Amino acid sequence: MNGIGWLSALWAVPIVGAAVVIVLPGKQIARYLALVVSLGVLAIALVLAVRFDPGGPQFQFVEDRQWIPSFGTGYLLGVDGIALALVVLTAVLVPLLLVAGWNDGGAQGGADETRFGTRSTQSYLALTLAVEGMVLISLVALDVLLFYVFFEAMLIPMYFLIGGFGGANRSAAAVKFLLYNLFGGLIMLAAVIGLYVVTADPLGGTFDFRAIAGAASRGELGASPAVLNALFLGFMFAFAVKAPLWPFHRWLPDSAVEATPATAVLMMAVVDKVGTFGMLRYCLQLFPDASMTFRPLVITLAVIGIVYGAIVAIGQTDVMRLIAYTSISHFGFIILGIFVMTSQGQSGSTLYMVNHGISTAALFLIAGFLVSRRGSRLIADFGGVQKVAPVLAGTFLIAGLATLSLPGLAPFISEFLVLIGTFTRYPAMAVFAVTALVLSAIYILWAYQRMMTGPVKEGNERLRDLVPRELAVVAPLIALLLVLGIYPKPALDVINPAVDHTLRTIHQQDPVPTAEGAAR
């Protein structure tokens, strides 16, 4: 299948679509064209998923063309099971986000149109498609420099999406988002250059991920452990900010609250996954020994993030900020599963990236629909919503139960796998992480009780239920939560071989149960 160009089409279609959408004269035609483009990307992603062979080579649909030969870098693309899962997630979510944000982009005038002029809708749609294209090429890039370029480039359209559309404090939130992530990216740039220098002797200087990972696995890079540790930290810092890992999370709540709901979901469910994906692909496989050295530290920070995010979520009075803090807790689970370095943990983490994207999209968008009706994000301003908008309340409950990992809904199996994988190697850390299950039940059920049950509070009497356009967004997300909760096998069949290859590359095996443990 080499040379067909499926992966080039995957990221080029939304980028070209963004360029076309921004010059269109009418807002309505721009909306429909952006939706068609995103559906085209989804079609390509489904072709990749159908044609992908889980038992075949690790990287498939490979495209290898010259880019800057003198620097040892090329236009090198390929997809494995881990990347494919995130490609499909991205392709599924973006059309739904475009429909959810159909009237975003300053369609009704105001500050957004002041900033972007009369073409604010076209700008909003083009920026969303640009983010999609940059995320997709980051997921399929097999050249470290190519990955870095788009890892950083996606910050630009995200900055304008956050700062140009949304709440009153969106400008400050956008600057905070950009400064945190740019600083992380600059540290990573130094590490990327250092990696090239390290490969000069054994590989002649290259950015080819496959060649570097192979040399690292064989112990042929030739650099001292101190140098490799420093390079690992450079990559890890950038990914920890993007993910985000506690204590590098401070930019996320403000950005999520001040952006439009659709943009916030794009950030938390799509863009931030590039950070955890980078940890699994680049940190572990390029620096296996350094990953082992810093594994206890990263696991400790992940567990702190799990508990911290859940506790802080309980105390929130703003429903959107509450959901944002739940994501910090969930990212802790994802990072924990990656660094325990067991097959259950890493498979669970990859599946968790997918399931978190779906559940967060559902909960955040439904909450956004409710906030837009009431004109307030304060939990105290709601009450009795289930009596006036039963479908909205019911779907909010399902999405909330998915967020707390109720059995039968998609996040349960991924969280269960992470905890099982953690317990086999770090039982104490698994016990601390389990406390988040109780805490998540508190923040979700308490929020539902205050917002949806009881007498109808003044100002909520005329809240509309979900309209057909909103149902078209919510229904597929709820369906995916149910399907993946009951039957996750198709996703795991694609993910597991890639995880096994990662563990072989870093020379890790699942712990073998002892006779004493079996006797107990």
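Conventions used here
Residue numbers restart at each chain and count upward from 1, following the sequence in its written direction. In keeping with the predicted nature of the model, local features appear solely for residues at pLDDT of at least 70, side-chain atom pairs appear and are counted solely at 80 or more, and the whole-chain, interface and lining totals rest on all residues. Hydrogen atoms and water are omitted, and side-chain values are computed over all heavy atoms in the structure. Numbering goes from the N terminus for both helices and strands, where a helix is a DSSP run of H or I of at least four residues and a strand is a run of E of at least two. The size measure is the radius of gyration over C-alpha atoms, and the globule rule it meets is 2.2 Å times the number of residues to the 0.38 power. Residue contacts are counted whenever heavy atoms from the two residues lie within 4.5 Å of one another. Surface accessibility in these figures is a Shrake-Rupley result with a 1.4 Å probe; residues are shielded only by whichever protein chains are displayed. Residues scored as charged are limited to Lys and Arg (positive) and Asp and Glu (negative), so that His and the chain ends carry no count. In plain terms, the charge of a residue is placed at NZ if it is Lys, CZ if Arg, CG if Asp and CD if Glu. A cavity here means a set of 1 Å grid points, computed over protein atoms only, where a 1.4 Å probe fits but cannot escape. A pocket is an open set with protein on both sides within 12 Å along at least 5 of 7 lines, and lining residues have an atom within 4 Å of a point. Grid points are joined across faces, edges and corners, and a volume is the space filled by probe spheres set on the points. Where each domain begins and ends is defined by an automated method or by a domain database. Two parts placed together each lose some accessible area under a 1.4 Å probe, and adding up what both lose gives the buried area. Basic side-chain nitrogens of Lys or Arg form a salt bridge, by our definition, when they fall within 4 Å of a carboxyl oxygen of Asp or Glu. Throughout this description, buried means an accessible area under 20% of the type-specific maximum (1.4 Å probe, protein chains only), exposed means over 50%, and partly exposed covers the range between. For the purposes of these results, a polar contact is taken to be a pair of N or O atoms within 3.5 Å, where, inside protein, one atom must be able to donate a hydrogen and its partner to accept one; residues adjacent in sequence count only when each atom of the pair is a side-chain atom. Axes here mean lines fitted to C-alpha atoms, for a helix over just the part in contact, with angles spanning 0 to 180 degrees between N-to-C directions. Small angles under 35 degrees read as roughly parallel and large ones over 145 as roughly antiparallel, with 65 to 115 read as roughly perpendicular and the rest as oblique. Left-handed describes a crossing whose near helix is turned anticlockwise from the far helix by less than a right angle; the clockwise case is right-handed.

## Topic: the overall build of the chain
Of regular secondary structure, the chain possesses 24 helices and two strands. The C-alpha radius of gyration computed for the chain amounts to 22 Å, which stays within 12% of the reference 24 Å derived for 520 residues, consistent with globular compactness. In terms of overall dimensions, the chain has a C-alpha envelope of 70 × 65 × 40 Å along the principal axes. For the chain, the share of sequence-separated contacts (at least 6 apart) that also reach a separation of at least 24 residues comes to 81%. Entry remark: accessible area of the chain is about 18,600 Å², with carbon and sulfur atoms responsible for 68%. Here the chain holds 29 positive side-chain charges and 28 negative ones, and the gap between their average locations is 7 Å.

## So, empty space enclosed by the protein
Applying the stated criterion to the full structure yields two cavities of 30 Å³ or more. The calculated volume of the largest cavity comes to roughly 50 Å³. Considering the residues around the largest cavity, the lining is formed by S329, H330, F333, T403, L404, S405, E415, A436, L437, S440 and Y443. Elements with a minimum of two residues in the lining of the largest cavity: α16 (319-339) and α21 (427-452).

## Points about the domain arrangement of the chain
The domain architecture assigned to the chain consists of domain 1 (1-105 + 120-286) and domain 2 (287-510). The centre of domain 1, based on its C-alpha atoms, is set 22 Å off from the matching centre of domain 2. Across the boundary between the two partners, domain 1 contributes 58 residues, which contact 57 residues of domain 2. Sorting the residues of domain 1 by area buried against domain 2 places W246, V257 and L284 first, and these three jointly supply 15% of that buried surface.

## Comments concerning the pattern of salt bridges
One pass over the full model with this rule turns up nine salt bridges. In this structure, K176 and D254 form a salt bridge, with 3.0 Å as the shortest nitrogen-oxygen distance. Here D254 lies in helix α12 (residues 251-258) and K176 lies in helix α8 (residues 170-198), a separation of 78 residues in the sequence. For K176, a relative accessible area of 25% puts it in the partly exposed group. In this structure D254 comes out as partly exposed when scored by relative accessible area, which is 24%. Between K489 and D493 there is a salt bridge, with its nearest N and O atoms 2.7 Å apart. Separated by four residues within a single helix, K489 and D493 lie in helix α23 (residues 489-505), roughly one turn from each other. In the salt-bridge network here, residues are joined through shared partners; they are K176, D254 and R321.

## Overview of the side chain of N181
As for its position among the elements, N181 is in helix α8. Polar side-chain contacts of N181 include one of 2.8 Å to the backbone oxygen of F177. Sequence-distant contacts of N181, defined by excluding residues within four places in its chain, comprise E152, L155, V241, K242 and W251.

## Notes on the packing of helix α5 (residues 120-140) against helix α6 (residues 144-153)
Close contact between α5 and α6 brings their axes to 9 Å; oriented N to C, the two are set at 155°. With respect to each other, α5 and α6 are oriented roughly antiparallel. Taken as a pair, α5 and α6 cross one another with a handedness that is left-handed. On α6, the residues touching M134, I137 and S138 of α5 are L146, F147, F150, F151 and A153.

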